[in-house]
Amino acid sequence: MHWNAVIFGPEGTSFEDGTFKPVIEFSEEYPNTLPAVRFLSKMFHPNVYADGSICLDILQDQWSPIYEVASLLTSIQSLLDEPNPNSPANSQAAQLYQESKRGYEKRVSAIIEQSWNDS
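Calculation notes
Residues numbered from 1 in each chain as written. Predicted model: local features only at pLDDT ≥ 70, side-chain atom pairs only at ≥ 80, totals over all residues. Heavy atoms only, no water. Buried < 20%, exposed > 50% of the residue type's maximum accessible area, 1.4 Å probe, protein only. Helix = DSSP H or I, 4+ residues; strand = E, 2+ residues; numbered from the N terminus. Pairing = 2+ DSSP bridges. Polar contact = N/O pair within 3.5 Å; in protein donor to acceptor, adjacent residues only side chain to side chain. Contact = heavy atoms within 4.5 Å. Arc of directions from axis to C-beta. Phe/Tyr/Trp six-rings, centres within 6.5 Å; stacked < 30°, edge-to-face > 60°. Lys NZ or Arg CZ within 6 Å of the ring centre and 35° of its normal. UniProt positions renumbered as here; feature names shortened; annotations may be inferred.

Caption draft 1: Representation of the pairing of strand β5 (residues 36-39) in the model. The two faces of β5 differ: Val37 and Phe39 on one face are buried, but Ala36 and Arg38 on the other face are not. In this sheet, β5 lies alongside strand β4 (residues 22-25) in antiparallel orientation, the contact comprising four bridges. The partner of Val23 across the bridge, within β5, is Arg38.

Written as structure tokens, this is what we have:
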């Protein structure tokens, strides 16, 4: 099963006003096996790989069949404002996040503007 979703950037964060599109692919073993989730939208985030894959504990070793799609999307939305730069998928974003919050936010702003055109 293949789902397209939309995540809005959380209010009061660097990602506010952004509209981001993840795709979720479920295998026949779901919910016992985790779905594959990646952003179709271009992202600049410490925990998002260049191909849009997301580095998030519940999408890796912390998956449980009790998670619903809504809680999965909420976790991804929360990750936007609460990255883990110590476990980066994008080392450039992680370094910029740690060294220059203003520079990081500027890069994120460009991604937000691009997300409007992708909608």
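Moving on, there is more to tell.
Caption draft 2: Molecular detail of the side chain of Ser14. Within the fold, Ser14 resides in the loop between β2 (7-8) and β3 (19-20). A distance of 3.4 Å separates a polar atom in the side chain of Ser14 from a polar atom in the side chain of Glu105. The contact partners of Ser14, leaving out residues within four places of it in the chain, are Asp81, Glu105, Val108 and Ile112.

Caption draft 3: Spatial organisation of helix α1 (residues 69-81). Where α1 is concerned, the buried positions are Val69, Leu72, Leu73, Ile76, Leu79 and Leu80. The buried residues of α1 occupy an angular sector of 115° when the element is viewed end-on, so they sit on one face. Along its buried surface, α1 packs onto β1 (2-4), β2, β3, β4 and β5.

Caption draft 4: Local environment of the packing of aromatic side chains. This structure, assessed with the given rule, holds seven aromatic pairs. Arranged with centres 4.6 Å apart and planes meeting at 65°, the rings of Phe26 and Tyr30 form a pair that is edge-to-face. Residue classification places Phe26 among the buried positions, given a relative accessible area of 8%. Its relative accessible area of 25% is what places Tyr30 among the partly exposed residues. Ring geometry for Phe44 versus Tyr104: centroids 5.9 Å apart, planes at 40°, classification tilted. Taken together, the residues Phe44 in the loop between β5 and α1 and Tyr104 in helix α3 (residues 101-118) connect sequence positions 60 residues apart. By relative accessible area, Tyr104 is classed as buried at 2%. Grouping aromatic residues by their ring pairs yields a cluster made of Trp3, Phe26, Tyr30, Trp63 and Tyr67. Taking NZ or CZ as reference, Arg107 lies 4.0 Å from the ring centre of Phe44, over its face.

Caption draft 5: Seen up close, the UniProt feature "active site" (unreviewed entry) in the protein chain. Residues annotated in UniProt with the feature "active site" (unreviewed entry) correspond here to Cys55. By the element assignment, Cys55 lies in the loop between β5 and α1. If near-sequence neighbours (up to four positions away) are discounted, Cys55 is found in contact with Asn47, Tyr49, Gln60, Leu79, Ser87 and Ala89.

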